[in-house]
Amino acid sequence: MKDFAHDPILMGIIGAGVMGRGVAQIAASAGIQVLLYDVNAVATSEAVQFINGMFDRAVEKGRMSGADAAMSKANIKTTSSLAGFADADLVIEAILEKLEVKQPLFKELEGIVSNDCVLATNTSSLSVTSVANAVNKQGRVAGCHFFNPVPLMKLVEVIGGTRTDPAILDQLCAFVSRIGHTPVLVADSPGFLVNHFGRGLNTEGLRVLYEKIAEPEVIDAVVRDCIGLRMGPFELMDLTALDVTYPVSEQIYEQFYHEPRLRPTPTLKQRYIAGLLGRKVGAGFYTYVDGNKVIPPEPAVPDVVPDRKFWVSKKVPALAAKLIALLRDAGMALDDHERPQSGSIAVITPLGLDATTATLREGLDPASTVAVDMLLNIDKRITLMGSPKTGPGIINATWSALAKSGRAVSVIKDSTGFIAQRIIANIINTACEIAQSGIATPQAIDTSARLGLGYPAGPLAMGDAIGPAIILEILRNMLDQTGDPRYRPSPWLRRRAELGLSLLHAE
Ligand SMILES: NC(=O)c1ccc[n+]([C@@H]2O[C@H](COP(=O)([O-])OP(=O)(O)OC[C@H]3O[C@@H](n4cnc5c(N)ncnc54)[C@H](O)[C@@H]3O)[C@@H](O)[C@H]2O)c1
């Protein structure tokens, strides 16, 4: 068995499309001998031209020396038939995403390559175990899932099928590191790691929209400003396009036997059928003019003088303290009594509850009580909601008061867990369930979220920063209020929260 980290190796790539050419480019520039094959000879020669063009551009931009570019170009050879792979040490398949096309290819390949040759598939949605099932020596087949665009996306999921030999996974991880990417070991399961984990943001974002809590641009703004993700769920879905997101969401939900945590909403299907695919067709959750997203302006702050006093509930002391400091800074008068005095506006800071329940539980008057989300980052934006009984004058006065702090204010309909709380809790819970089911280690989950989805921190590290017990409380309250099992806490989260352990703590 060759040492893929150091030994000279010959790598075969089957399929010279978007992915095959990307893998060929980075492998060749890392000094690996590459043999490229495509059933369509034109695709092969176009791929070589494309890759050579990339090397030339890198030289022009000063990112590569002329000598390295020449070496990289010389490392890529082509073959006009599978027979060319007889001496390959590793073959990565990147052809059509169809099991009935991939399986015969692997079967034929097995009859050509040496006994030690490692076979990998770049499939993004098929079961690696099913692909491997086509060959006699299933132990040598694994998934090697690169992301698009390959040179920029540094993450590679190395996927073990049910019968994959662990030594093959070690070889593939060594290979991935050698070509400058980061491997994460993932068990063969629907959506693997990144596509599975990504459901946390999308499905809860869609759920918030479905419940008419807020418009897409408001949900996106809250996710960016309060959770700190680069993109909210709707701008992300517009970018990926619904003809990808919709089938992936359905497939993962179906393949996990209708796990409620992964359940999409009917909105997704309707929008897909309607052709609102996203940026590439100029219409999605946003409209696009000349390719630019049109973001509706923030609503104007109501022109009212907040002349009432604000009474802040101390039910969640840390959040109450933040809110009191903010209102003081904004120059608001505070009602310091034990209970709100007549004429005061009561402000509560619930966790995982809607304004209605939180108001009634605290024995407050729903007509003059509002809820503010103080849990996450409030440097740029604050989320405000009332119950269906809260008077518009009360909402507007609080809105105007909060806006005096210089922050944007998003006024939303009554929601169990506002927007940010419920979305971050679902992201973290999804990650915890992935850890619980052993699909990947906690460290691999966090690495994948950062490198595969551009999250500023991994979901488990984010959960630790907020406090696992708080995430558990949000989910328990949501489960209790909605009765929807999608909010049931993962045992991984519950145990660590109850024991005071980090979510990154493995057993
Ligand atoms: N495009 C992505 O964003 C992306 C990301 C991750 C994984 N993937 C996966 O990578 C694989 C390839 O995707 P792609 O986007 O590069 O596809 P692509 O359509 O760009 O290229 C596929 C290539 O495979 C060739 N091909 C088809 N059948 C073949 C066969 N039997 N033998 C040899 N060549 C054959 C085609 O001629 C084509 O050139 C798929 O399994 C896909 O799911 C794609």
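The rules behind these values
- Residues numbered from 1 in each chain as written.
- Predicted model: local features only at pLDDT ≥ 70, side-chain atom pairs only at ≥ 80, totals over all residues.
- Helix = DSSP H or I, 4+ residues; strand = E, 2+ residues; numbered from the N terminus.
- Buried ≥ 20, exposed ≤ 12 C-beta atoms within 10 Å, placed from the backbone.
- Contact = placed C-beta atoms within 7 Å.
- Domains from an automatic or database assignment.
- Nonpolar A, V, L, I, M, F, W, Y, C, P; charged D, E, K, R; others polar.
- Pairing = 2+ DSSP bridges.
- Axes fitted to C-alpha atoms, helices over the stretch in contact; angles between N-to-C directions.
- Near = placed C-beta within 6 Å.
- Right-handed = clockwise from strand over helix to strand, strands pointing away.
- Core = buried A, V, L, I, M, F, W, Y, C linked by C-beta atoms within 7 Å.
- Expected span 1.5 Å × (residues − 1).
- Parallel < 35°, antiparallel > 145°, perpendicular 65-115°, else oblique.

A.B. asks: Can you explain the overall build of the chain? Please cite residues and give values.
C.D. replies: In terms of regular secondary structure, the chain is built from 20 helices and 15 strands. For the chain, the spread of C-alpha atoms along the principal axes amounts to about 85 × 50 × 40 Å. Residues counted as buried form 50% of the 507 residues belonging to the chain. Long-range contacts, defined here as pairs at least 24 residues apart, represent 69% of the contacts in the chain between residues at least 6 apart.

A.B. asks: Go over the domain arrangement of the chain, please, and point to the residues and values.
C.D. replies: Domain boundaries in the chain define domain 1 (10–188), domain 2 (195–294) and domain 3 (310–412). In this structure, domain 2 and domain 3 have C-alpha centres spaced 30 Å apart. Of the residues contributing to the side of domain 2 that touches domain 3, the split by class is seven nonpolar, one polar and one charged.

A.B. asks: Would you mind going over the sheet that holds strand S11 (residues 310–312) in detail, with residue names and values included?
C.D. replies: Strand pairing within a sheet occurs via backbone hydrogen bonds; the two strands may be parallel or antiparallel. The mixed open sheet is built from five strands, whose spatial order is S11-S12-S13-S14-S15. Looking at strand neighbours, the two that pair on one side only are S11 and strand S15 (408–412), the edges of this open sheet. Mean inter-strand twist for the sheet, computed between neighbouring axes without regard to direction, equals 30°. Note that strand S13 (residues 369–373) and strand S14 (residues 381–386) share four bridges and pair antiparallel. In the sheet register, Val 372 faces S14, and the bridge partner there is Leu 384. Strands S11, strand S12 (345–348), S13, S14 and S15 of the sheet are contacted by helix H15 (residues 392–403), whose axis makes an angle of about 170° with S14.

A.B. asks: Lay out the site of the ligand with the relevant residues and their values.
C.D. replies: Among the 23 residues in the neighbourhood of the ligand, the closest are listed as Gly 15, Gly 17, Met 19, Glu 97 and Asn 148. Contributions of two or more residues to the shell around the ligand are made by helix H1 (18–29) and helix H4 (99–110). When residues in the shell around the ligand are grouped by element, the largest group, three residues, is from H1. Within the shell around the ligand, the residues separate by chemical class into 13 nonpolar, eight polar and two charged.

A.B. asks: Let's hear about the pairing of S13: which residues, and what values?
C.D. replies: With five of its five residues buried, S13 lies for the most part within the structure. By the alternation rule, side chains of S13 split into Thr 369, Ala 371 and Asp 373 and Val 370 and Val 372, which are all buried. Pairing of S12 with S13 involves three bridges; the strand directions are parallel. Bridge pairing links Val 347 to Val 370 in S13. Assessed by its sense of winding, the connection that carries the chain from S12 through helix H14 (residues 355–361) to S13 is right-handed.

A.B. asks: Can you explain the nonpolar core? Please cite residues and give values.
C.D. replies: One finds Val 158, Leu 172 and Leu 193 to be the most contacted residues of the largest nonpolar core, which totals 153 residues. Per-element tally for this core: the top contributor is helix H16 (residues 420–436), with ten residues. Val 158 has contacts with Ala 142, Cys 144, Leu 169, Leu 172, Cys 173, Val 176, Pro 183, Val 184, Leu 185 and Val 186, leaving out every residue within four places of it along the chain.

A.B. asks: How would you sum up the pairing of S15? Please name residues and give values.
C.D. replies: By the criterion of burial, S15 is predominantly enclosed, with four of the five residues buried. As judged from the five bridges shared by S14 and S15, these two strands associate in the parallel manner. Bridge pairing in S15 places Ile 382 opposite Val 409. Regarding the hand of the β-α-β motif, the stretch spanning S14, H15 and S15 is right-handed.

A.B. asks: Lay out the sheet that holds strand S3 (residues 76–78) in plain terms, naming residues and giving numbers.
C.D. replies: As summarised here, the arrangement of the eight strands in space is S3-S2-S1-S4-S5-S6-S7-S8, forming an open sheet in which the pairing is mixed. Looking along the sheet, the strands with just one partner apiece sit at the ends: S3 and strand S8 (182–187). Ignoring strand direction, the axes of neighbouring strands in this sheet form an average angle of 25°. Pairing analysis gives three bridges linking strand S2 (residues 33–37) to S3, with the strands arranged parallel. For Leu 36, the partnering residue across the bridge sits in S3 and is Thr 78. Together, strand S7 (155–160) and S8 form the strand contacts of helix H17 (residues 442–453), whose direction differs from that of S8 by roughly 125°.

A.B. asks: Run through helix H6 (residues 166–178), naming residues and quoting values.
C.D. replies: For H6, with 13 residues, the first-to-last C-alpha span of 18 Å sits near the 18 Å given by 1.5 Å per residue. Burial in H6 covers these residues: Ile 168, Leu 169, Gln 171, Leu 172, Cys 173, Phe 175 and Val 176. On the buried face of H6, the contacting elements are strand S4 (90–93), strand S5 (118–121), strand S6 (141–146), S7 and S8. Downstream of H6 by one or two residues, Gly 180 has phi in the positive range, about 85°.

A.B. asks: An account of the packing of H16 against helix H19 (residues 468–482) is needed here, citing residue identities and associated values.
C.D. replies: Where H16 contacts H19, the two axes come as close as 10 Å, and the packing angle between them is 105°. In terms of axis orientation, H16 runs roughly perpendicular to H19. For the pair H16 and H19, contact is made by Gln 421, Arg 422, Ala 425, Ile 428 and Asn 429 and by Ile 471, Ile 474, Leu 475 and Met 478, respectively. Here the contact of H16 with H19 is built from residues that sort into six nonpolar, two polar and one charged.

A.B. asks: How would you summarise the environment of Gly 228 if you had to cite specific residues and measurements?
C.D. replies: Assignment of secondary structure puts Gly 228 in the loop between helix H9 (216–227) and helix H10 (233–240). What Gly 228 contacts, discounting residues up to four positions off in sequence, is Asn 377 and Pro 456.

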